[in-house]
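Letter by letter, the chains look like this.
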Amino acid sequence: MAAGIAGLPQAPQSLAVGLSGGADSAMLALHAALYAARHAVTLHFFHVHHGLQPAADRWRDHVHDLAQRLRVPCHSLRVTVDVMRGDGMESAAREARYQAFAALARQAGVRHILLAHHRGDQAETVLLRLLRGTGPQGLAAMAPYFRRDDICYLRPWLDIDRDEILAQAEQYGRLSGWHPVLDPSNADDRYTRAAVRERLVPELDARWPAWRANLVRHARLSAETRQVLEEVAAADLAGLDLAADGASFSLVAWRRLSEPRQALALRHWLALLGCPMPTEGRLRDWMRQLRGLHALGHDRQMRVRHGDAWIRCVRGRVMLASAEPGENG
C-alpha cells in the first residue's frame, strides 16, 4: 500500500480489511497491518462465514490464526445465504457479505473497509458486463472506492497484478508457515465468474496477453465517460424546472431534450430519488408514453409502476409517488 489510501484525503482513525483467507485478502491484510502501524491507525479484520463449503469452519479458524500472528483483532460473522434468490448464489452471497460487513462495522466502530479486488478481478468484471450487454456507464466496472450503508469501501489494488500478490503470498508462507486457503468454488465453472476464469481466460491469455491491462484501461476511460454523462444529466435535470424536493419535473421542458439526453435525465432523476434502474426496454416504454402525452397532460394521466412507487404525469409534471398498500395499478 502507498503512503495514502485512494479516496481518502488522510488516514482514517480506524480501518478494516475484508479477510476471506485467500491469497488476495491475506496479503492486503498484511500490508494494511504495516500501514496501520506506521500511521497509528486502529485496524480490524472482518471475516464472513458463508457456510457454503465444508471447510468454512477451518477457514474461519485459519483467518483468526493470521490475525493473531499480525496482532490485529478479527471479527467473524456467520451468515445464511439464500441460494434460491433469483439473481443466483453468487449475487446472494455477495449481498449477504455486504450486510455482514455493515453489521461488523457498526460493532467495531469502523467507517472504512478495504477490499482486495485486483487488476484481474477488474478485467473479468468488464468482460462479464460486456457479455451481459451492459451500457457504457456500467463498463466503468469496479470503482476504487464507493459508499454503501454509510461505509466507505476502498479497493487499493485495482492496478495490481495477481501474480505479484501470489508471489508475496508464497514468500510470506515460506517465512511464516502460514498459507492462504483455496476456495474450490473459484474454479467451479458452474458459477459465472469461475466459468470465465476457467474457460475464457486461458484462451485470452494465449492469444491476447495484454487483455487485462486493456480492459482495465477501458474501465478507467468508461469511468471518465460516466462522470461526463452524469454531469450532463445533472445539468439537464436542473433545467427541467425540477421541484425543490426533486420529486417532479416539467414534461414540456423534458421534451426539448434529444432522445439520448431524455434517457440520461430520467435515469439521473431515478438515481437521485434512490430508485432502482429500469431495464432499457422499460425505460424506452416510459419515454414513448411521455412523448405521447398532451404537453400539459390534459388528455389522460400517465401512471406506471416502478418498484414500490408510481411514475405519473399530472398537469404537465412528471412525478414519483409512493404506491398505497394493496395498490396494483
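Conventions used here
Residues numbered from 1 in each chain as written. Predicted model: local features only at pLDDT ≥ 70, side-chain atom pairs only at ≥ 80, totals over all residues. Heavy atoms only, no water. Phe/Tyr/Trp six-rings, centres within 6.5 Å; stacked < 30°, edge-to-face > 60°. Helix = DSSP H or I, 4+ residues; strand = E, 2+ residues; numbered from the N terminus. Buried < 20%, exposed > 50% of the residue type's maximum accessible area, 1.4 Å probe, protein only. Lys NZ or Arg CZ within 6 Å of the ring centre and 35° of its normal. Pairing = 2+ DSSP bridges. Axes fitted to C-alpha atoms, helices over the stretch in contact; angles between N-to-C directions. Contact = heavy atoms within 4.5 Å. Polar contact = N/O pair within 3.5 Å; in protein donor to acceptor, adjacent residues only side chain to side chain. Right-handed = clockwise from strand over helix to strand, strands pointing away. Salt bridge = Lys/Arg side-chain N within 4 Å of Asp/Glu carboxyl O.

A. Here's a closer look at the packing of aromatic side chains. As enumerated under the stated definition, the model contains six aromatic pairs in all. Note on Tyr98 and Phe146: the rings are 6.1 Å apart at their centroids and 80° apart in plane angle, and the pair reads as edge-to-face. A residue pair is termed long-range when its members are at least 10 positions apart, and Tyr98 in helix 3 (residues 89–108) and Phe146 in strand 5 (residues 145–148) qualify at 48 residues. Owing to a relative accessible area of 9%, Tyr98 belongs among the buried residues under this scheme. Here the aromatic rings of Phe146 and Tyr153 are separated by 5.1 Å at their centres, their planes lie at 15°, and the arrangement is stacked. A relative accessible area of 0% places Tyr153 in the buried class. Here the aromatic residues Tyr98, Phe101, Phe146 and Tyr153 are joined through ring pairs into a cluster of three or more. Over the aromatic face of Trp310 sits the side chain of Arg305, whose NZ or CZ is 5.2 Å from the ring centroid.

B. Representation of the sheet that holds strand 2 (residues 42–49) within the structure. Sheet architecture is open: six strands sit in the order 3-2-1-4-6-5, paired in mixed fashion. Across the chains shown, the open sheet's two edge strands, defined by having one partner strand only, are strand 3 (74–78) and strand 5. The average undirected angle you get between the axes of adjacent strands in this sheet is 30°. Bridge count for strand 4 (residues 112–114) against strand 6 (residues 151–154) is three bridges, and the pairing is parallel. Considered in strand 6, the bridge of Leu114 is made with Leu154. Of the strands in this sheet, strand 2 and strand 3 touch helix 2 (residues 56–70), which is tilted by about 170° from strand 2. Lying over the sheet, helix 3 contacts strand 1 (14–18), strand 2, strand 3, strand 4, strand 5 and strand 6, oriented at roughly 145° with respect to strand 2.

C. The arrangement of the side chain of Ser248 in detail. Checked against the element boundaries, Ser248 lands in strand 7 (residues 248–250). Within the structure, Ser248 has its side chain in polar contact with the side chain of Arg317 (distance 3.0 Å). Ser248 has contacts with Asp241, Leu242, Ala243, Trp269, Arg317, Val318 and Met319, leaving out every residue within four places of it along the chain.

D. Layout of unusual backbone geometry. One non-glycine residue with positive phi stands out, namely Asp149, at about 55°. Its location among the elements puts Asp149 in the loop between strand 5 and strand 6. Even without a glycine there, the phi angle at Arg315 is positive, about 50°. Examined against the element boundaries, Arg315 turns out to sit in the loop between strand 9 (309–314) and strand 10 (317–322). Taking relative accessible area as the criterion, Arg315 reaches 71% and is therefore assigned exposed.

E. Layout of the sheet that holds strand 10. Read across the sheet, four strands follow the order 7-10-9-8 without closing on themselves; strand pairing throughout is antiparallel. For this open sheet the edge positions go to strand 7 and strand 8 (302–306), each flanked by a neighbour on one side alone. Adjacent strand axes in the sheet meet at a mean angle of 20°, parallel and antiparallel pairs treated alike. By the bridge criterion, three bridges tie strand 7 to strand 10 in an arrangement that is antiparallel. For Phe249, the partnering residue across the bridge sits in strand 10 and is Val318. Helix 10 (residues 280–292) contacts strand 8, strand 9 and strand 10 of the sheet and is inclined by roughly 165° relative to strand 8.

F. View of the pairing of strand 2. The element strand 2 is extensively covered by neighbouring structure, given that seven of its eight residues are classed as buried. Pairing of strand 1 with strand 2, which is carried by five bridges, proceeds in the parallel orientation. Bridging across to strand 2, Leu15 finds its partner in Leu43. The handedness of the strand 1 to strand 2 crossover, carried by helix 1 (residues 23–39), is right-handed. Inspection of the sheet shows strand 2 paired to strand 3 by five bridges, in the parallel sense. The residue of strand 3 that forms the bridge with His49 is Arg78. Taking the sense of rotation as the criterion, the β-α-β connection linking strand 2, helix 2 and strand 3 turns out right-handed.

G. Main features of the pattern of salt bridges. With the rule as written, the count across this model stands at 17 salt bridges. For Arg193, the salt bridge goes to Glu124, with nearest N and O atoms at 3.5 Å. One end of the pair, Arg193, is in helix 6 (residues 192–207); the other, Glu124, is in helix 4 (residues 119–131), with 69 residues separating them in the sequence. With relative accessibility at 24%, the residue Arg193 sits in the partly exposed group. For Glu124, a relative accessible area of 6% corresponds to the buried category. The closest approach of N and O atoms between Asp285 and Arg288, which form a salt bridge, is 2.5 Å. Residue Asp285 and its partner Arg288 are located together in helix 10, separated by three residues, close to a single helical turn. On the accessibility criterion, Asp285 (30% relative accessible area) is partly exposed. Through salt bridges with shared partners, a single network forms among Asp57, Arg60 and Asp61.

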